[in-house]
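Analysis of the macromolecular model
Given next are the chains, with one letter for each unit.
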Amino acid sequence: MQQSNYLIRKVLFGLVTLAVVVGFNFALFRILPGDPVKAIARSPRLTQEMREKLRVEFGLDKPVFLDLERLKTGDVIGAFDTQFTAYINALLHGNLGISFRSRRAVSEILAERVWRTVVLVAAGETLSLVLGITLGLVAAWRRGTRADMGILLYALFSWGLPTFFLGIILLILAQGLLPVGGMVTPGLKPEDGWVYWTDVGKHLILPTLTMAIIYTSSYILIMRSSVMGVLSEDYILTAKAKGMSTFRILRSEALKNAMLPMVTIAALNLAYTVGGAIQVETVFSWPGVGRLMYEAVMTRDYPVLQGTFLLLAVAVIVANLTADILYSVLDPRVKAG
Amino acid sequence: MTMQQLREIGRAFIRRPAGIVGLIMLLVVVLVAIAAPWLAPYHPKDKIDVSPGDLLTPPDSEHLLGRDDAGRDVLSQLIYGARVSLTVGFVASFMSMVIGTTIGLVAGYRGGRIDSLSMRLVDFLLVIPDLPLMLVIISMWGRGLWKIILVIGLLGWTVTARLVRSQVLSIKERCYILRARVIGASHYRIAARHILPQVMPLVIAEAVLAVSGAIIAESSLSFLGLGDPTLVSWGMMLNFAFERAISRRAWWFLLPPGFAIVWVSVGLILIGSTLEEIVNPSLKTHHLFDPRRMMARIAGRVPKEPAPDHTALVETERAE
Amino acid sequence: MMSLLEVRNLSIDYLREDGMALHAVEEVCFTLEEGRSLGLVGESGCGKTTVILGILRLLPAQGRIVSGEVLSKGTDLFSLTEAEMRKHRWKNLSIIFQGSMNALNPVRRVGDQIADAIKLHENANDGKQVEARVHQLLDLVGISPQRSRHYPHQYSGGMRQRAMIAMALACSPDVLIADEPTTALDVMIQAQILDLLQKLQKELALSIILVTHDLGVVAEMCNDVLVMYGGRTAEYASVDTIFNEAQHPYTRRLLQAFPDIANPSSKLASIPGYPPPLDALPRGCRFEPRCHRKRAICAEQIPTLEAVQPGHYVACPFREDN
């Protein structure tokens, strides 16, 4: 019973957050000073056809939230014929607007590029988690020794290191040894099969490494703290009294307990990892949505910028919700409330 | 904070080498920033008459760090860049500290609806990805130093708020608070006179760490092209260097700004975590990393740092 | 006949962060014979828990065994390697701790945790056999076998303690050490647990070392009593002797502090003062600051443990003869 209560609350919160993000996205376009839509609508880069499309899609000549005039005449439905409704309507149809630069549908561009970011983030997170859990465990177990100090020093240092700068350093170091830009050597196509994929893999090494070096440290610290907390619990003493070896204790008693917070952390980390992905993709010209965002900033392609932000925010919200659900499933204590 | 508290903290700080090192690192940067006009050999915006051969030249006797792709002196840019980073860092962090402390104090002290609402807001902000949000806002709102400071400051208060709130919750129940209530002290007085001074040391420690976060945030924004175009910042130097110098392997342009960022950040982190350790030893490792937001979010779920003795996982030694 | 457990001159230190050695236990000796149980009595912080952790070599990282020997059925435990010690644990000496919430791993099923103990020491590969034994053990302590699939938080405090007892008996040890088994429980449950322990004592011919500050419990369950104070032995004798002929001033005061059913209206005496802090131990007798019979020499010299009669040892030159 308590578990479903907990879940309902979390889902509700997720939905509210989503709603606020959507609303915020809308407001951004229209309320911030220097309303770019109006400015862009006058931009010579847009064709007449595009301007009309913009006008229709975003209802630029309609009232923003509520048509008070129509409301007064009793036309309630018509009162909602506003920019906001048009926006929501467009969203629900998967319409995120049209790129100013390429004239393509934003949703199409995103769909094309998103998997590349997913691959990068997945690889980076996996490596970070593996390293973080291992090193965190070692640091906690060997607490106070040089190994622990070294690991902590690394964590401290990587907190002060901007992701993009680490990327630049690795790029300089690896020039000549590893491919340093793009996703694949020009000329290769997916149809080339194995050759293509290994090439992609090689291009993935540096970006993944960059992300891993930065994000491992937070996992290390949490794992370490968590394991230390676990190792001081009575049941560890009981386990040792039972005759378990240190290795066994770590594996069967400590690990599961200590890893419980990691689930939540990995998801919450996504909010931050996404920021890192933008930087890494920019430095290594990895053609994912992170790089897309950078390009959109450079070219003032606002629809793309907004669409990407929406995508990323939604992804993180969903990931967090999933993590909350997973956590409640994994920790039997939460089940009982 | 009382003078005595300050003195105690100072004394404890001096005993810790890590903190001293950090302080020195920070002071170097602060001094450089202050002394910029006298220290920098050239003004970074100087339009020097340049011939193509003067572009992207490596270090020499006239330009200790070489020249950038527009022929300007890199060293001077580096020195002036300190000003931007430190300004953004301290002002934004101060803003976050003020907002966060106020909200945390009110939420913790009043409890009830205000508390739940504030914490929902904190949860909400913690879920939204930072960099994309800042990118979108600055892109659309416009570039400028104050806009950057505002955006960073307005997004960075959440961790402080959580921290202050949990401190307040524990302090709230202590005897002297109840006594003050009985005497009839107003809520405001209690909060300001009794609770706030207790909370301040931890807030200061947090704020120092936040400065490094703000500096890195600014550098990331500038690197991605959203820095203030009228100023030189380390992040912007890296933006230019990356765009234009990387193929030429102009390391003198590429590396110094980045190292400067790392230098000042690490210095701040050393100071901040030392302060944290002094002020609240039980939090020892919880804040020493990025993102601190994670710990704010899962404050309840991770077991607290245990008393530093009981690790049964060690073989009992015989003393010789 | 070899005694089950023999502790000779055990001294244990804790190393503080600054390197200072705190003498937690000094020169403690006792012998546990088959069929007999020992009560280890003293105030909090007197070192009794440290003694048993030391015996099992389960001291925390900063604990050091300074000197002494522990013979478990003739085997010198301190001469074993860690691997050998591991094999020795639980099979010969098992322990139950104060029934805290987390004495059992909260994310593993109770039955699995008990099965662990069995699998570690008996080469039991047959899952069915192990399960049967787990059920048998739970039954022994009065827990329904179905509950072996449950998690610790689904047990009440008393049940958790009983589960720990079941786990401790998994390998049929000769000696069960119970460290304050009833302290965290309410009175009704305390009685249950003690009854259970007594039942097991009889049925399984189990020797129990009961660490407690409750003399009443000791009177019921133990044959011998070792009274500790400030890390040292104050008095060591059979339970009858302790209760009727105690001679150490501390023991006497301790007895006075407990209600006597035979004389309900007698005043309860408390002992003013506090046990000595480990980093500021007195040069002489540990109890001297609070002792009602002290003389000048008490603050200077540590009293030695003397046999006032066979089997009755007292560490006080000014003991109260009856």
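**Observations concerning the overall build of chain C**
Counting its secondary structure elements, chain C contains nine helices and twelve strands. The C-alpha radius of gyration computed for chain C amounts to 20 Å, which stays within 12% of the reference 20 Å derived for 322 residues, consistent with globular compactness. Viewed in the frame of its principal axes, chain C has a C-alpha envelope of about 65 × 50 × 40 Å. Relative to its full complement of 322 residues, chain C shows a buried share of 42%.

**Describing the overall build of chain A**
Scanning chain A for helices and strands turns up 15 helices and zero strands. Within the span of chain A, comprising 337 residues, buried residues form 45% of the whole. Of the contacts formed within chain A by residues at least 6 apart in sequence, a portion of 70% connects residues at least 24 apart.

**With respect to the interface of chain A and chain B**
Taken residue by residue, the interface counts 64 residues in chain A and 52 residues in chain B. Elements that contribute at least two residues to the side of chain A that touches chain B include exactly helix 1 (2–31), helix 8 (146–159), helix 9 (163–174), helix 10 (194–231), helix 11 (234–242), helix 12 (246–284), helix 13 (289–299) and helix 14 (302–330) of chain A. A total of 14 residues in the side of chain A that touches chain B trace back to one element, the largest contributor, which is helix 12 of chain A. Grouping the constituent residues of the side of chain A that touches chain B by class yields 44 nonpolar, 17 polar and three charged.

**Topic: the nonpolar core**
By size, the foremost hydrophobic cluster in this structure holds 261 residues, and its most contacted members are Ile-114, Ala-166 and Ile-209 of chain C. Sorting elements by how many residues they give to this core places helix 12 of chain A first, with 20 residues.

**A look at unusual backbone geometry**
Residues and elements named next belong to chain C. If you check the backbone angles, Ser-172 has positive phi at about 50° while not being a glycine. Inspection of the secondary structure puts Ser-172 in the loop between helix 5 (157–168) and strand 7 (175–179). One non-glycine residue, Ala-205, lies in positive phi territory at about 50°. Overall, the presence of 10 C-beta atoms within 10 Å leaves Ala-205 in the exposed class.

**Looking at the packing of helix 5 (residues 112–127) of chain B against helix 8 (residues 158–172) of chain B**
All names here are of chain B. Put simply, helix 5 and helix 8 touch, their axes get as near as 10 Å, and they point 145° apart. The two elements helix 5 and helix 8 cross, and the hand of that crossing is left-handed. Facing Ser-118, Val-122, Leu-125 and Leu-126 of helix 5, the residues of helix 8 in contact are Thr-158, Ala-161 and Arg-162. Residues belonging to the contact of helix 5 with helix 8 are distributed by class as follows: four nonpolar, two polar and one charged.

**Things to note about the environment of Cys-298 of chain C**
Turning to its location among the elements, Cys-298 of chain C is positioned in the loop between helix 9 (249–256) and strand 11 (306–309). Leaving out residues up to four positions away in the same chain, Cys-298 of chain C has contacts with Gly-284, Cys-285, Glu-288 and Cys-291 of chain C.

**With respect to the sheet that holds strand 7 of chain C**
Residues and elements named next belong to chain C. Strands sit in the order 6-7-8-3-9-10-12-11 across an open sheet of eight strands; the sheet is mixed. Edge positions in the sheet fall to strand 6 (93–96) and strand 11, since each of these pairs with one other strand and no more. Between one strand and the next, the sheet's axes are offset by a mean angle of 20°, whatever the strand orientation. Bridge count between strand 11 and strand 12 (residues 312–314): three bridges; the pairing is antiparallel. In the sheet register, Gln-309 faces strand 12, and the bridge partner there is His-312.

**Here we look at helix 9 of chain A**
In this model helix 9 of chain A runs 16 Å from its N-terminal to its C-terminal C-alpha over twelve residues, within 8% of the 16 Å that 1.5 Å per residue would give. Taken as a whole, helix 9 of chain A has its buried residues at Thr-163, Phe-164, Phe-165, Leu-166, Gly-167, Ile-168, Leu-170 and Leu-171 of chain A.

**Description of the environment of Leu-127 of chain A**
Residue and element names in this part refer to chain A. Here Leu-127 shows up in helix 7 (residues 106–141). Classification of Leu-127 by C-beta neighbours within 10 Å gives partly exposed; the count is 17. In this structure, the C-alpha to C-alpha distance between Leu-127 and Tyr-215, residues 88 residues apart in sequence, is 9.3 Å. Beyond its immediate chain neighbours, meaning those up to four positions away, Leu-127 contacts Thr-208 and Ala-212.

**What to know about the pairing of strand 10 (residues 232–238) of chain C**
All names here are of chain C. Here strand 10 lies mainly inside the structure; six of its seven residues are buried. Sheet topology note: the strand 9 (residues 224–229)/strand 10 ladder contains six bridges and is antiparallel. Paired with Met-228 across the two strands is Thr-233, which belongs to strand 10. Hairpin connection between strand 9 and strand 10: a loop of two residues separates the two successive antiparallel strands, and Gly-230 in this loop has a positive phi of roughly 55°. Pairing of strand 10 with strand 12 involves two bridges; the strand directions are antiparallel. Counted as the bridge partner of Glu-235 is Val-314 from strand 12.

**Focus: the packing of helix 4 (residues 74–110) of chain B against helix 7 (residues 145–155) of chain B**
The relative placement of two packed helices is expressed as an angle between their axes plus a distance between the axes. Residue and element names in this part refer to chain B. One can describe the packing of helix 4 onto helix 7 by two numbers: an axis separation of 8 Å at closest approach and a directional angle of 40°. In terms of orientation, helix 4 lies oblique with respect to helix 7. Crossing angle aside, the handedness with which helix 4 passes helix 7 is right-handed. In this structure, helix 4 contributes Val-88, Val-91, Ala-92, Met-95 and Ser-96 to the contact, and helix 7 contributes Ile-148, Ile-149, Ile-152 and Gly-153. When its residues are assigned to classes, the contact of helix 4 with helix 7 shows seven nonpolar, two polar and no charged.

**Considering the confidence of the model for chain C**
A low pLDDT score tells you not to read the predicted coordinates there in detail. Per-residue confidence for chain C gives a mean pLDDT of 85; residues scoring 70 or more make up 96%. Across the whole predicted complex the pTM is 0.75, and at the interface the ipTM reaches 0.84.

**Brief notes about the environment of Gly-276 of chain A**
Residue and element names in this part refer to chain A. Take Gly-276: it is sitting in helix 12. Taking C-alpha positions, Gly-276 is 11 Å from Leu-120, a pair spaced 156 residues apart along the chain. Apart from residues lying up to four places away in sequence, Gly-276 is in contact with Thr-163, Met-211, Ile-214 and Tyr-215.

What counts, and where the lines are drawn
- Residues numbered from 1 in each chain as written.
- Chains lettered and ligands numbered in written order.
- Predicted model: local features only at pLDDT ≥ 70, side-chain atom pairs only at ≥ 80, totals over all residues.
- Helix = DSSP H or I, 4+ residues; strand = E, 2+ residues; numbered from the N terminus.
- Rg over C-alpha atoms; globule rule 2.2 N^0.38 Å.
- Buried ≥ 20, exposed ≤ 12 C-beta atoms within 10 Å, placed from the backbone.
- Contact = placed C-beta atoms within 7 Å.
- Nonpolar A, V, L, I, M, F, W, Y, C, P; charged D, E, K, R; others polar.
- Core = buried A, V, L, I, M, F, W, Y, C linked by C-beta atoms within 7 Å.
- Axes fitted to C-alpha atoms, helices over the stretch in contact; angles between N-to-C directions.
- Left-handed = near helix turned anticlockwise from the far one by under 90°.
- Pairing = 2+ DSSP bridges.
- Expected span 1.5 Å × (residues − 1).
- Parallel < 35°, antiparallel > 145°, perpendicular 65-115°, else oblique.
- pLDDT = per-residue confidence, 0-100.

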